[in-house]
Amino acid sequence: MTQVTERGTPLSTAPRPGVRRRSPAAAACVLGGAMAAGLGLGFLAVLVIVLWISSPYPDSGPGGALHLAAGLWLMAHGTELVRYETLSGVPAPVGLTPLMLVALPALLMRRAARLGSASGDGRDGDEVLPASVVFSAVTCGYLAVGALATVYAAGGPLPADPLSAALHVPLVAVLAAAGGVWVAKGRPPGPLPDWMPQGVRKAVGRPRYALALRAGAAGVLVLLGGGILLVGASLAWHAAEVQASFLTLTGVWSGRFAVLLLALTLIPNAMVWGAAYGLGPGFALGTGATATPLGFEGAAALPGFPLLAALPSQGPGTPLTWAAAAVPVVAGLVVGWFAVRRAREVSYGETALTAALGAVVCGLAMACLAAASAGPLGSRALASFGPVWWEVGAAAVAWTAALAVPLAVGVQAWRMRPARGAGRAVDAWHDSGVRELRWAALRKLAPPMASPAAPPVTAAAVAPVAPPVAEAAVPLVAALPMVPAVAAAPVASVAPPEPTPEPTPESVVAPAPASVPQAPLLPPVAGSRVLARRPPPG
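Residues numbered from 1 in each chain as written. Predicted model: local features only at pLDDT ≥ 70, side-chain atom pairs only at ≥ 80, totals over all residues. Heavy atoms only, no water.

### Section: helix α5 (residues 131-153)
Spacing of three or four residues puts side chains on the same side of an α-helix, whose turn is 3.6 residues. Given a rise of 1.5 Å per residue, 23 residues ought to cover 33 Å, and the 33 Å separating the end C-alpha atoms of α5 matches this to within 8%. Listing the buried residues of α5 in full gives Val134, Ala137, Val138, Thr139, Gly141, Tyr142, Val145, Gly146, Ala149, Thr150 and Ala153. Check the buried side of α5 and you find it contacts α2 (24-54), α3 (62-75), α4 (99-117) and α6 (162-184). (Helix = DSSP H or I, 4+ residues; strand = E, 2+ residues; numbered from the N terminus. Expected span 1.5 Å × (residues − 1). Buried < 20%, exposed > 50% of the residue type's maximum accessible area, 1.4 Å probe, protein only. Contact = heavy atoms within 4.5 Å.)

### A closer look at the side chain of Thr79
Position of Thr79 among the secondary structure elements: in the loop between α3 and β1 (81-83). Judged by its relative accessible area of 0%, Thr79 falls in the buried class.

### What about helix α13 (residues 326-338)?
Compared with an ideal rise of 1.5 Å per residue, which puts 13 residues at 18 Å, α13 spans 19 Å between its outermost C-alpha atoms and is within 8% of the ideal. When α13 is considered as a whole, its buried residues turn out to be Val327, Pro328, Ala331, Gly332, Val335 and Gly336. The arc that holds every buried residue of α13, seen down its axis, measures 165 degrees, which confines them to one face. (Arc of directions from axis to C-beta.)

### Looking at the packing of aromatic side chains
Within this structure, the stated rule accounts for three aromatic pairs. An angle of 40 degrees between the planes, with centres 5.8 Å apart, marks the rings of Trp73 and Tyr142 as tilted. A residue pair is termed long-range when its members are at least 10 positions apart, and Trp73 in helix α3 and Tyr142 in helix α5 qualify at 69 residues. Here the aromatic cluster, defined as three or more aromatic residues joined through ring pairs, consists of Trp273, Tyr277 and Phe283. Positioned over the ring face of Trp337 is Arg415, at 6.0 Å from the centre of the ring. (Phe/Tyr/Trp six-rings, centres within 6.5 Å; stacked < 30°, edge-to-face > 60°. Lys NZ or Arg CZ within 6 Å of the ring centre and 35° of its normal.)

### A short note on the pattern of salt bridges
Applying the stated criterion to the full structure yields two salt bridges. A salt bridge links Arg341 to Glu350; the shortest N-O distance between them is 3.0 Å. Arg341 gets classed as partly exposed once you look at its relative accessible area, which sits at 21%. Ionic contacts of the salt-bridge type, sharing partners, join the residues Arg208, Arg341 and Glu350 into one network. (Salt bridge = Lys/Arg side-chain N within 4 Å of Asp/Glu carboxyl O.)

### A few points about the nonpolar core
Ranked by size, the top nonpolar core spans 33 residues in total, and within it Trp73, Met109, Val138 and Tyr142 carry the most contacts. Counting residues per element, the ones that place at least two in this core are α2, α3, α4, α5 and α6. Not counting the four nearest positions on each side in its chain, Met109 is found in contact with Ala36, Val138, Thr139, Tyr142, Ala173, Ala176 and Ala177. (Core = buried A, V, L, I, M, F, W, Y, C linked by side-chain atoms within 4.5 Å.)

By themselves, these are just geometric observations and shouldn't be taken as functional.
As structure tokens, then:
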């Protein structure tokens, strides 16, 4: 028995306090981040391989196509690629990122972070990871694949700039992972970090900033919508030039399909460029040419592409191009409208400040979009393409602030007009706007209205019933409204019935509610009955 016991399976010992237990949920989050990066790479690899197979003149083998797919995946994060095979021998950077291509890694990374946050709910021993752990794990898995892709793309025709990849890939991964975790946690507003000053945290918590953020977002949407309208109108106006450029660029269907895909991925860029054109600064078409509503100046070094064929003609502007200024005008009015609160007790200064902050939010967002939509397409003359971010941001702030602040103050004054125009002093308590808010709060907190209940009837409140009296029969006939009194009506005598017993408390019937009118109580008729009235002789 001793030998069996000694040779048996040893019992599991308790974990030492200094050893950290591995977390399977965190490992799953790391794997999820790596899978998100792999799915993006796989999608672009399949697309490039299909185009390479269908191309009648492939430049390289499948290895070159896979290297190109890795470079395109890095470019989707904003990484700048470098083209070494040029006619001049000078490396040419390619940094104009199609913004629609950015949606692919952003959505995949956001989905991985959201699934990692919702993996465990604490039931049946499931491990629930904090948001910071999910964010870190998913980001680490994604960046590991990104580093491998950067090394792999270095051997292809379009290698990535290592410094640019080290900056842009983590930026996109961090923003997308943070958005996924935030959505998985129910979009909590949450306080600002503790390292920020307390005054700043209290100030940001005011409703002014939420309203300014909403107003600025509305202005950005209007600017982008106006930009795509300008682009669509220009494409329709120059339809012949666009069609000729598309047909002459390549003669095979696979090449035309690739050009069409590239044009579709550049539609968000064209939207931002159109908004910049309407704001006034316009966009650069190389180092020596700029397109604005006031005119198209300089000699543009434009490659053949359908979207670039829709540009306005060179020379001074026309009333048709000046009409693009309607886009920022509408955006400024929208910012001012959304900056007005519904509460009527807000001061004019608070309304003007909210509208100004909304204009600043709109300008910052447009500056970021302009910086993301621009970039170089080569060296020398092609080194600058797209709008200048600080010019677009400053123009957006100027347009929206100049129109939003007066409109917001005017709308606020119109809403307060009945209270201010009454010709009497109105204090803060009796102001009509404050009264409306108080009544709304009282109606919300008050219980539902119900009909009043009838008061309880006790046995002591019931008067004793008088004994039956035969002589009361004749006056009763005269008192009844439905039976007119007739003096000659005969009355027949009836034998007196048994005496009525005195009512008990259990037999008392509660009266009808007070709201229902009741007939007057009459003494009971006993010992006689009223005969029906005879009809008069004919």
